[in-house]
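Listed below, chain by chain, are the residues.
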Amino acid sequence: MRGTFFVELAINVAFLIFYKMKKNSFAHSGYARWLLNITFTLLLSLKLTSNFAQTGNFNWWSGTAGYQWAATDVSKTFVVSCGTGCTVNVTMTIIDPNNRNGDPNRLTPHPFGDASGTCGWLANGGFTAGNANGNPAGATGGFNDPWDSSCSIEGGVQTQTGGVYGNNFLTFAMASLNHLENVTIRFTFSKPVFLSSFTIGDIDGRTLQQDRNDNFVTPTTPPLDVRELPGNSFQDEVTIFASGPMGNVPVNFSAAGSLLIQDLANQTVRSVYNNTTANLNADDARGTITVNTSDAITQLDIVYSNGEEDALAEQANPSWYSWWSNTNGATNGVSDDHAIRISGFTFQACPDFAFTQTNATVCSGSTANIGVTAANGTAPYSYNWTGPNSFTSTSQNPAIPNVTSSGTYTVQVIDSNGCTGTTTASVTVNPLPTPSITGTNNLTCTVTSVNRTATGGGTYSWSGPSSFTSTSASINATVTVTNTNGCTATATTSVTSDTTPPTAGITGTNNLTCAVTSVNRTATGGGTYSWSGPSSFTSTLASINATTSGIYTVTVTNANGCTATATTSVTSDTEVRIRGVVQVHLHQPQQV
């Protein structure tokens with residue numbers, strides 16, 4: 001990241017100078033603090049200058065220019081220029097869950113006021129001369145309590161600009177029933193910014209002992225009633241929270257006044273309570289602190305309350321305010337009006353990222369690959385994708401499996417400084433063709449070719465057994481259908497082949513004789529029969545009568561057209577045999 005070298009250099013230079021000063025016994029605490037503050041300012045400036053050129057100045061109302069906050073405002077948005085073509089909307093909101101903010105809303109209702117809660121009977125909110133208890137004649141409640149300004153805001157201390165602390169600042173006032181109550185001023189920014197030069201002043205306190213001394217040691221004129229003393233003591237405590245696209249952001253405190261106590265772990269600063277000079281003027285540097293952020297933020301909260309030490313002092317001295325303790329029990333830091341002063345501030349707006357998106361066009365059911373490349377920020381970047389069907393991913397180039405519908409996917413890109421940018425990538429899903437195959441005939445011994453027809457696409461590609469012939473019992477053929485957008489789908493048909501021959505057989509064993517002039521032979525195993533034999537004998541019957549000896553052949557055909565043959569032999573026994581005795585007489589010839 002640009003600026004890293006300068007940051008390290010600034011830290012090292014500061015450390016070497018500070019070490020050198022300390023070694024030479026010149027490290028005066030005030031000077032050391034000044035050096036570190038200068039170093040931090042230089043460090044932040046170098047970091048921001050090296051990456052950003054969009055600077056905005058938020059200035060409170062000065063009478064003729066700037067931004068104005070009225071006591072009746074609760075939330076208000078200011079449009080701040082940060083250069084050519086750059087604006088940031090800054091929204092300020094008061095969050096006051098207990099209705100303690102120093103504006104007219106705080107006065108209704110009042111926890112210790114009169115029955116109506118309006119306090120309309122007290123005009124000026126100050127001590128009413130001639131009445132020892134501070135109540136006008138005939139009035140009940142509302143003034144004789146620790147909140148001695150319960151019916152108006154004392155001295156005009158309201159949350160407003162152009163108030164008691166000057167036109168160039170915001171006076172932020174509150175009163176608290178106990179030290180656990182607080183009021184928050186929240187600044188939100190329409191785009192991430194780096195905050196600098198944000199000063200909070202008049203972080204001071206007035207101790208319970210000071211109230212008592214002013215009343216009894218050096219009495220005010222007229223003196224306060226003892227029952228009002230707790231309401232004048234307070235200890236300003238300010239806690240600051242910041243957050244940005246990457247979550248909580250640490251807040252840097254610098255130029256802290258000498259009468260301030262810093263709790264850096266909790267990002268809190270409060271006034272030194274047990275100091276007689278703690279009740280400071282608004283512009284006293286001893287009660288001032290400057291706030292900066294090193295990472296980009298979109299929200300800054302200033303949480304203002306009364307410090308715990310004031311509550312502890314009140315609890316430790318109940319006899320100093322018997323009215324309160326007898327009526328309401330021990331207090332816990334109840335405070336009259338107290339206020340801080342908030343300056344304007346400078347910020348560096350995050351740059352506008354430039355994006356190169358990778359969109360996807362796929363067929364339904366496929367995987368879509370989308371992506372984004374960011375520029376103008378500071379690498380490395382992180383990515384948060386969201387999209388249809390609850391899709392999320394933190395990959396720069398996510399893969400979306402089994403996409404079935406078109407949609408827009410949104411990504412928030414965050415750079416290493418916490419700056420953000422948002423863009424989208426689109427996925428277009430083309431439908432698949434709907435293929436089908438018609439034709440149901442199958443192969444047999446007599447049907448040697450069958451037809452199948454594919455539909456549903458623009459082009460077709462068949463695959464199946466080699467040359468669609470096979471010796472297996474069935475032939476499976478698959479067609480790939482491609483439509484005009486290039487998407488494909490397949491359909492499969494089964495072509496069976498029934499070439500099983502029949503089992504031919506012949507029954508009958510009798511043969512011809514002189515007495516048996518005809519014998520029977522019967523063929524089995526098929527649907528049709530075709531006989532052939534001696535002397536051009538033919539027959540299509542299953543059973544034949546043979547009258548001539550010889551070889552008879554039958555061709556058996558079954559339903560699938562396949563054939564088989566069988567033969568039978570018919571013999572004929574018709575020879576004549578003579579049995580008897582033959583006598584032969586020999587005669588001697590006579591002589592003459």
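We now turn to the structure provided with this report. The residue numbering used here restarts from 1 in each chain and proceeds along that chain's sequence as written. With the structure being a predicted model, the display of local features is reserved for residues of pLDDT at least 70 and the display and counting of side-chain atom pairs for 80 or more, all residues being used for whole-chain, interface and lining totals. Calculation of side-chain values draws on the structure's entire complement of heavy atoms; hydrogens and water are dropped beforehand.

What follows is about the packing of aromatic side chains. Two rings belonging to Phe, Tyr or Trp (six-membered ring only in the last case) form a pair when the distance between their centres is within 6.5 Å. Interplanar angles under 30 degrees mark stacking, angles over 60 mark edge-to-face geometry, and anything in between is tilted. Enumeration over the complete set of coordinates arrives at 16 aromatic pairs. Between Phe-58 and Tyr-67 the ring centres are 4.8 Å apart and the planes differ by 20 degrees, which places this aromatic pair in the stacked class. Across this residue pair, the class does not change: Phe-58 and Tyr-67 are buried. With centroids separated by 5.4 Å and ring planes inclined at 75 degrees, the aromatic side chains of Phe-58 and Phe-78 adopt a geometry described as edge-to-face. Partly exposed describes any residue whose relative accessible area lies between the buried limit of under 20% and the exposed limit of over 50%, with all areas from a 1.4 Å probe on protein chains only and scaled to the type maximum.

Here we come to helix H4 (residues 308–316). Strands here are runs of E lasting at least two residues and helices are runs of H or I lasting at least four, both read from the DSSP assignment and numbered beginning at the N terminus. For H4, every residue scored as buried is listed here: Asp-310, Ala-311, Ala-313 and Glu-314. In an axial view of H4, the angular spread of the buried residues amounts to 160 degrees, which keeps them on one side of the axis. It is the directions from the helix axis to the C-beta atoms that the arc portrays.

Among buried residues, those of type Ala, Val, Leu, Ile, Met, Phe, Trp, Tyr and Cys that are joined through side-chain atoms within 4.5 Å constitute a nonpolar core. Core analysis: the largest hydrophobic core is formed by 44 residues, its most contacted members being Trp-60, Phe-187 and Phe-189. The dominant element in this core, judged by the number of residues it contributes, is strand S6 (residues 182–196), at 6 residues. By the convention used here, residues are in contact when the closest approach between their heavy atoms is within 4.5 Å. Setting aside its immediate chain neighbours within four residues, Phe-189 contacts Val-88, Asn-89, Val-90, Leu-195, Ile-297, Thr-298, Gln-299, Leu-300 and Phe-345.

On to the sheet that holds strand S38 (residues 543–546). Spatial strand order, S33-S35-S38: 3 strands in an open sheet with antiparallel pairing. The sheet is open, and its two edges are formed by strand S33 (505–507) and S38, each paired on a single side. Sheet twist, expressed as the mean angle between neighbouring strand axes with direction ignored, is 30 degrees. Here, a strand pair is defined by DSSP locating no fewer than two bridges between the strands. Two elements, strand S35 (residues 519–524) and S38, share 4 bridges in a ladder whose sense is antiparallel. Each residue of the ladder has a partner; that of Asn-520, found in S38, is Asn-545. Angular values range over 0 to 180 degrees, each being the angle between N-to-C directions of two axes fitted as lines to C-alpha atoms, with helices fitted over their stretch in contact.

With that settled, consider the state of the cysteines. In this description, a disulfide is simply a cysteine sulfur pair whose atoms lie within 2.5 Å. Summed over all chains, the structure comprises 4 disulfides. A disulfide bridge connects Cys-363 with Cys-487, and the sulfur atoms are separated by 2.2 Å. Here the S-S torsion is close to -95 degrees, and the disulfide linking Cys-363 with Cys-487 is therefore left-handed. With a gap of 124 residues between them, Cys-363 in strand S19 (residues 360–363) and Cys-487 in the loop between strand S31 (474–482) and strand S32 (488–498) connect regions that are remote in the sequence. Covalent S-S linkage joins Cys-445 and Cys-562, the inter-sulfur distance amounting to 1.6 Å. Here the S-S torsion is close to 75 degrees, and the disulfide linking Cys-445 with Cys-562 is therefore right-handed. In this pair, Cys-445 is assigned in the loop between strand S28 (443–444) and strand S29 (453–455) and Cys-562 in the loop between strand S39 (550–557) and strand S40 (563–570), connecting sequence segments 117 residues apart. The exposure class of Cys-445 is partly exposed, given its relative accessible area of 32%. By sequence-ordered numbering of the bonded cysteines, the protein chain has its disulfides arranged as 1-2, 3-5, 4-7, 6-8.

Whenever Lys or Arg places a side-chain nitrogen within 4 Å of a carboxyl oxygen from Asp or Glu, that contact is recorded as a salt bridge. In this structure the tally under the stated criterion is 6 salt bridges. One salt bridge connects Asp-73 with Lys-76, and the closest N-O pair in it is separated by 3.5 Å. Its relative accessible area of 30% is what places Lys-76 among the partly exposed residues. A salt bridge links Glu-309 to Arg-270; the shortest N-O distance between them is 3.7 Å. Placement of the pair is Glu-309 in helix H4 and Arg-270 in strand S13 (residues 268–271), with a sequence separation of 39 residues.

This paragraph deals with unusual backbone geometry. Residue Pro-380 is bonded to the preceding Ala-379 through a cis peptide linkage, with omega at 0 degrees. Within the element layout of this structure, Pro-380 appears in the loop between strand S21 (371–375) and strand S22 (382–387). With a phi angle near 60 degrees, Asn-99 is a residue other than glycine that sits in the positive phi range. Inspection of the secondary structure puts Asn-99 in the loop between strand S3 (87–95) and strand S4 (160–163). A positive phi is found at Asn-402, a non-glycine position, where the angle reads about 50 degrees. Tracing the chain through its elements places Asn-402 in strand S24 (residues 399–403). The exposed category is assigned to Asn-402, whose relative accessible area is 53%.

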